[in-house]
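Analysis of the macromolecular model
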Amino acid sequence: MWKREKKPGEGYVTGWKAKEKGFEVWCRKMIVAAYKGIRRGHWKKVVKRVLLALFVVVGVFILGRYLLSDELEVTFHHLYSPKILGTDNTRLVVLSDLHNREFGTDNTTLIRQISSLEPDLIIMAGDMVNAYEDDLDVILHLCDELLKVAPVYYGPGNHENHLFYEKGSPLESLLMERGVHVLVNRAEEVTIHKTPFLIGGLTTAPEGFEEYGVEFIEEYEKSSDFKLLIAHYPGLYYDALADTEIDLGICGHYHGGLVRLPILEGLYHGDVGFLPKYSGGMYSLPRSTIFVSRGMEDHSGFPRVNNRPELAVIDINGRQETER
């Protein structure tokens, strides 16, 4: 007898569908077992099994939602500096590695959150765009709105550099026309609450430092002002900037190591492999302090585990201890 040939994919399921089917089978088995137990009068065993099953299901659900949460997290950090004049606090809000993501329509949620924090400066530490996308609407609209809140200082990352130098994108000029301070291996002076700051941007990768960055850093380091350096690559502090005198360096790039582990912190980044030395948070170096943002999005396709998108707040003042 002739039989219809089985089409590809018939008779089996894969991926998430397979997992869903397996879960359904497990639930069905639990229900059947409970029914048989009730008929046999084994009430206590049935109740224990049902409670155990509920505990497992609820526990997995809660743990999954927590570890894979993609909700924006605001983190607070404090830096003491004897260079800060007076008692006023200088507040920075740091964004990094947005990769064209939007929190709310047109980033309204993100903009509202930053406005409520009342920063003195807004720092963008690179990779706010994607190198493979020509659409600049997300970052330009975000900057238009944030400039109404505070001055914006932008240190380009590898994705911006690709747009600038490989694709001839007008992004840099469009940002500067709007009033964004785009810092490409240069620095600008600004006074905040009587304290002089020298805000610099180092855009080169570690392997290009000797050719493109060393001259700028040698001159930058001579200043007695509070030196705030936006350098997208944390790897610069492994060697090139390890012994440089910088009051606060701000980095991104490592995306928090994708998976955040207890004690060990970030798990992996392609530039440096497993357990990056600086993957997220504040670090004290011999002559510097650096802050590494965990970023706000990941473009690699791998899930962020225990690693929510970060909007960082850094309060700089002359108090030895934070009031938080």
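Presented here is an overview of the structure given in this document.

Rules used throughout
- Residues numbered from 1 in each chain as written.
- Predicted model: local features only at pLDDT ≥ 70, side-chain atom pairs only at ≥ 80, totals over all residues.
- Heavy atoms only, no water.
- Helix = DSSP H or I, 4+ residues; strand = E, 2+ residues; numbered from the N terminus.
- Buried < 20%, exposed > 50% of the residue type's maximum accessible area, 1.4 Å probe, protein only.
- Areas by Shrake-Rupley, 256 points an atom, 1.4 Å probe, with all protein chains shown as cover.
- Patch = residues over 30% accessible without salt bridge, like charges linked within 9 Å, V, L, I, M, F, W, Y side chains within 5 Å.
- Salt bridge = Lys/Arg side-chain N within 4 Å of Asp/Glu carboxyl O.
- Arc of directions from axis to C-beta.
- Pairing = 2+ DSSP bridges.
- Core = buried A, V, L, I, M, F, W, Y, C linked by side-chain atoms within 4.5 Å.
- Contact = heavy atoms within 4.5 Å.
- Axes fitted to C-alpha atoms, helices over the stretch in contact; angles between N-to-C directions.
- Parallel < 35°, antiparallel > 145°, perpendicular 65-115°, else oblique.
- Left-handed = near helix turned anticlockwise from the far one by under 90°.
- Nonpolar A, V, L, I, M, F, W, Y, C, P; charged D, E, K, R; others polar.
- Lys, Arg positive; Asp, Glu negative; His and termini not counted.
- Charge placed at Lys NZ, Arg CZ, Asp CG, Glu CD.

Focus on the overall build of the chain
When you go through the chain residue by residue, the secondary structure sums to 8 helices and 16 strands. Here the chain holds 324 residues, and the buried ones make up 45% of them. Accessible area for the chain stands at about 18,000 Å²; split by element, carbon and sulfur atoms hold 56% of it.

A closer look at a nonpolar patch on the surface
A cluster of nonpolar side chains, contributed by Ile 263, Leu 264, Tyr 268, Phe 274 and Leu 275, occupies part of the molecular surface with about 590 Å² of accessible area. Structurally, the position occupied by Tyr 268 is in strand S12 (residues 268-269).

Comments concerning helix H3 (residues 108-117)
By the burial criterion, the buried members of H3 are Leu 110, Ile 111, Ile 114 and Leu 117. For H3, the angular spread of buried residues about the axis comes to 125°, placing them on one side. Phi for Glu 118, located one or two positions after H3, is positive at around 50°.

Describing the sheet that holds strand S16 (residues 310-317)
With mixed pairing, the 6 strands of this open sheet are ordered in space as S1-S16-S2-S3-S4-S5. Taken across any chain shown, the strands that pair with only one partner, and hence form the sheet edges, are strand S1 (73-80) and strand S5 (181-182). Note: strand S2 (residues 90-95) against strand S3 (residues 121-124), 4 bridges, orientation parallel. What sits directly across from Val 94, in S3, is Ile 123.

Let's talk about the nonpolar core
Of all hydrophobic cores here, the largest spans 31 residues; its most connected members are Leu 95, Met 124, Ile 139, Leu 142, Tyr 154 and Leu 171. Put simply, the parts of the chain that give this core at least two residues each are S2, H3, S3, helix H4 (137-146), strand S4 (152-154), helix H5 (158-165), helix H6 (171-178) and S16. It is H4 that contributes the most residues to this core, 5 residues altogether. When neighbours within four sequence positions are excluded, Leu 171 is seen to be in contact with Val 129, Leu 136, Ile 139, Leu 140, Glu 160, Leu 163 and Phe 164. Residues Leu 79, Tyr 153, Leu 248 and Ile 316 belong to the second largest nonpolar core, which totals 21 residues.

A word on the pairing of strand S15 (residues 288-292)
Burial of S15 is extensive: 5 of the 5 residues sit out of reach of the surface. Residues Ser 288, Ile 290 and Val 292 line one face of S15 and the alternating positions Thr 289 and Phe 291 line the opposite face, and both faces are buried. Pairing analysis gives 4 bridges linking strand S9 (residues 246-251) to S15, with the strands arranged parallel. Across the sheet, Ile 250 pairs through a bridge with Phe 291, a residue of S15. The pairing of strand S14 (residues 281-284) with S15 spans 4 bridges and is antiparallel. Each bridged residue has a counterpart across the sheet, and for Ser 284 the counterpart in S15 is Thr 289.

Some thoughts on the packing of H3 against H4
Where H3 contacts H4, the two axes come as close as 10 Å, and the packing angle between them is 25°. In this view, H3 runs roughly parallel relative to H4, as classed from their interaxial angle. Crossing of H3 against H4: the hand is right-handed. Here Leu 110, Ile 111 and Ile 114 of H3 lie close against H4, whose contacting residues are Leu 142, Glu 145 and Leu 146. Classifying every residue of the contact of H3 with H4 gives 5 nonpolar, no polar and 1 charged.

Quick word on the environment of Tyr 132
You can see Tyr 132 is positioned in the loop between S3 and H4. Counting along the chain gives 27 residues from Tyr 132 to His 159, while the straight-line C-alpha distance between them is 8.3 Å.

Describing a negative patch on the surface
On the surface, Glu 210, Glu 215, Glu 218 and Asp 239 cluster together to form a negatively charged patch. Structurally, Asp 239 is set in the loop between strand S8 (226-231) and S9. Judged by its relative accessible area of 64%, Asp 239 falls in the exposed class.

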